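# Structural overview
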Amino acid sequence: MPLIPPDWNPCATLEPLHLPWLTAAGLELAVLRLDALDPLVSGNKWFKLAPYLARAADEGAEGIMSLGGAHSNHLHALAAAGMRFGFPTVGLLRGEPLDTPTVRDLQRFGMTLHWLGYGGYRARHQPGFWEPWLQRYPRLQPVPEGAGGLPGAQGCAELVGMVRGQLARLGWDDYHSLWTAVGTGTTLVGLVLGEDGRHPVMGALAVPPDHGVAEQVRAMLASAGRADQGYQLIDASRGGFARLDAELARFLLDSERQGGLALEPLYTAKALLAIHDEAQAGRIPAGSRLVLLHTGGLQGRRALQASLAQLAG
């Protein structure tokens, strides 16, 4: 039967984060707790996915197929949503079969998995990539990796209103900049659309600058009919996607202990470290109030816990 869009409109809380280095720099920071949105459909993933579910319903599709790796937060949220709201899901995975906590969850949630190898996965941007999969699953709607693209960005635009609606509860009348980790640029573009020039959006790149994110951001903004402005990209990748090092591991664990906020190392911890480094370099004026999106992804940390502890010593 055709997919029915879920009637689910979750709202994340905006909470202050207190850390010694923020106090020393004269900064206030509030975190939009998308990680606490839901135990399974967590982070920014739902907001990127919801417009694609609506499109699938409009086109009479019964379910969704998409792409990701063996630790993919996107596939994890998609599979969990499919289990909860009763639509089939298919995951096309990078590389050879791996046994990870994420993969075990995908199977438990009922997602059908296909491992593409590395060459097969690289072909995802080639014309005609989806044709054999649409022949195999003609009733499923294909969704880009990470639910990237303008529809996903438009779904994230509402996060800005979510922030603004909670400022009074913090005793704030405004904030100076909005920060997020950046993988594909989709969430960043959504925030730029939502801000509409009110505040600068700062994107901490979780992937190296040569991965084409800047070009993707410009293309999405052009598709939305918006000027290429209102944001800044900062390299926070530590030299590569999923690249961990001792400094990042110690910063993550120290921040968790001092601030009581669980972090994951690939996105939000790198964004928080970028804020720290920008503050230490004097590029964020004292007295600034900052908002950071916690984009979730804590499920993926399970496979990295031992590495973090070893790196941190």
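Scroll up to find the structure this text is about.
The structure contained in this document is the topic of the report that follows. (Residues numbered from 1 in each chain as written. Predicted model: local features only at pLDDT ≥ 70, side-chain atom pairs only at ≥ 80, totals over all residues. Heavy atoms only, no water.)

Before going further, it helps to examine the overall build of the chain. A count of helices and strands for the chain gives 14 helices and 10 strands. Viewed in the frame of its principal axes, the chain has a C-alpha envelope of about 60 × 45 × 35 Å. When the 313 residues of the chain are sorted by exposure, 55% land in the buried category. The long-range fraction of contacts in the chain, counting pairs at least 24 apart against all pairs at least 6 apart in sequence, stands at 74%. (Helix = DSSP H or I, 4+ residues; strand = E, 2+ residues; numbered from the N terminus. Buried < 20%, exposed > 50% of the residue type's maximum accessible area, 1.4 Å probe, protein only. Contact = heavy atoms within 4.5 Å.)

Within the open sheet, the 4 strands sit side by side as E5-E4-E3-E6. Their pairing is parallel. At either end of the open sheet lies a strand with only one pairing partner, and these are strand E5 (112-115) and strand E6 (140-142). Adjacent strand axes in the sheet meet at a mean angle of 25° when their direction is disregarded. Relative to the sheet, helix H3 (residues 73-85) contacts strand E3 (63-68) and strand E4 (89-93), its axis offset from that of E3 by approximately 160°. Relative to E5, helix H4 (residues 101-108) is tilted by about 135°, and along the sheet it contacts E4 and E5. (Pairing = 2+ DSSP bridges. Axes fitted to C-alpha atoms, helices over the stretch in contact; angles between N-to-C directions.)

Attention shifts here to the pattern of salt bridges. The full count for this structure, using the stated rule, is 17 salt bridges. For Asp105, the salt bridge is made with Arg108, and the minimal N-O distance between the two is 2.9 Å. With a gap of 3 residues between them, Asp105 and Arg108 both fall in helix H4, about one helical turn apart. Judged by relative accessible area, which is 8%, Asp105 ranks as buried. Accessibility expressed as a relative area gives 58% for Arg108, which makes it exposed. Two residues, Arg124 and Glu145, come together in a salt bridge whose shortest N-O distance is 2.9 Å. With a gap of 21 residues between them, Arg124 in the loop between helix H5 (117-122) and helix H6 (131-136) and Glu145 in the loop between E6 and helix H7 (150-156) connect regions that are remote in the sequence. (Salt bridge = Lys/Arg side-chain N within 4 Å of Asp/Glu carboxyl O.)

At a minimum axis distance of 10 Å, the contact between helix H2 (residues 45-58) and H3 shows a crossing angle of 60°. Judged on the interaxial angle alone, H3 and H2 are oblique. Considering how the two elements wind past one another, H2 and H3 form a crossing that is right-handed. When H2 is examined against H3, the residues Lys45, Trp46 and Leu49 are found in contact with a partner set consisting of Asn73, His74, Ala77, Leu78, Ala81 and Phe85. Within the contact of H2 with H3, the residues separate by chemical class into 6 nonpolar, 2 polar and 1 charged. (Parallel < 35°, antiparallel > 145°, perpendicular 65-115°, else oblique. Left-handed = near helix turned anticlockwise from the far one by under 90°. Nonpolar A, V, L, I, M, F, W, Y, C, P; charged D, E, K, R; others polar.)

Further remarks concern unusual backbone geometry. Its identity as a non-glycine residue notwithstanding, Arg238 has a phi of 60°, on the positive side. With respect to the helices and strands, the residue Arg238 is situated in the loop between strand E9 (231-235) and helix H12 (246-259).

On to the environment of Gly43, then. Mapped onto the elements, Gly43 comes out in the loop between strand E2 (28-33) and H2. Considered as a pair, Gly43 and Thr295 are 252 residues apart in the sequence and their alpha carbons are 4.5 Å apart. Gly43 has contacts with Leu34, Asp35, Leu37, Thr295 and Gly296, leaving out every residue within four places of it along the chain.

With respect to the element layout, Glu256 can be found in helix H12. By relative accessible area, which is 17% here, Glu256 ends up buried. One polar contact links the side chain of Glu256 to the main-chain amide nitrogen of Leu263, over a distance of 2.9 Å. Glu256 has contacts with Leu261, Ala262, Leu263 and Arg301, leaving out every residue within four places of it along the chain. (Polar contact = N/O pair within 3.5 Å; in protein donor to acceptor, adjacent residues only side chain to side chain.)

Now for the pairing of E5. Here E4 pairs with E5 via 4 bridges, running parallel. Its bridge partner lying in E5, Val90 is registered against Thr112. Regarding topology, H4 serves as the crossover connection from E4 to the parallel E5, and that connection is right-handed. (Right-handed = clockwise from strand over helix to strand, strands pointing away.)

Our focus in this paragraph is H4. Turning to H4, its buried residues number three or more, namely Thr102, Val103, Asp105 and Leu106. Buried residues of H4, viewed axially, fall in a sector of 160°; they line one side. Seen from the open side of H4, the exposed residues pointing more than 90 degrees away from its buried face are Gln107 and Arg108. At its buried positions, H4 is contacted by H3, E4 and E5. Phi turns positive, to about 95°, at Gly110, one or two residues after H4. (Arc of directions from axis to C-beta.)

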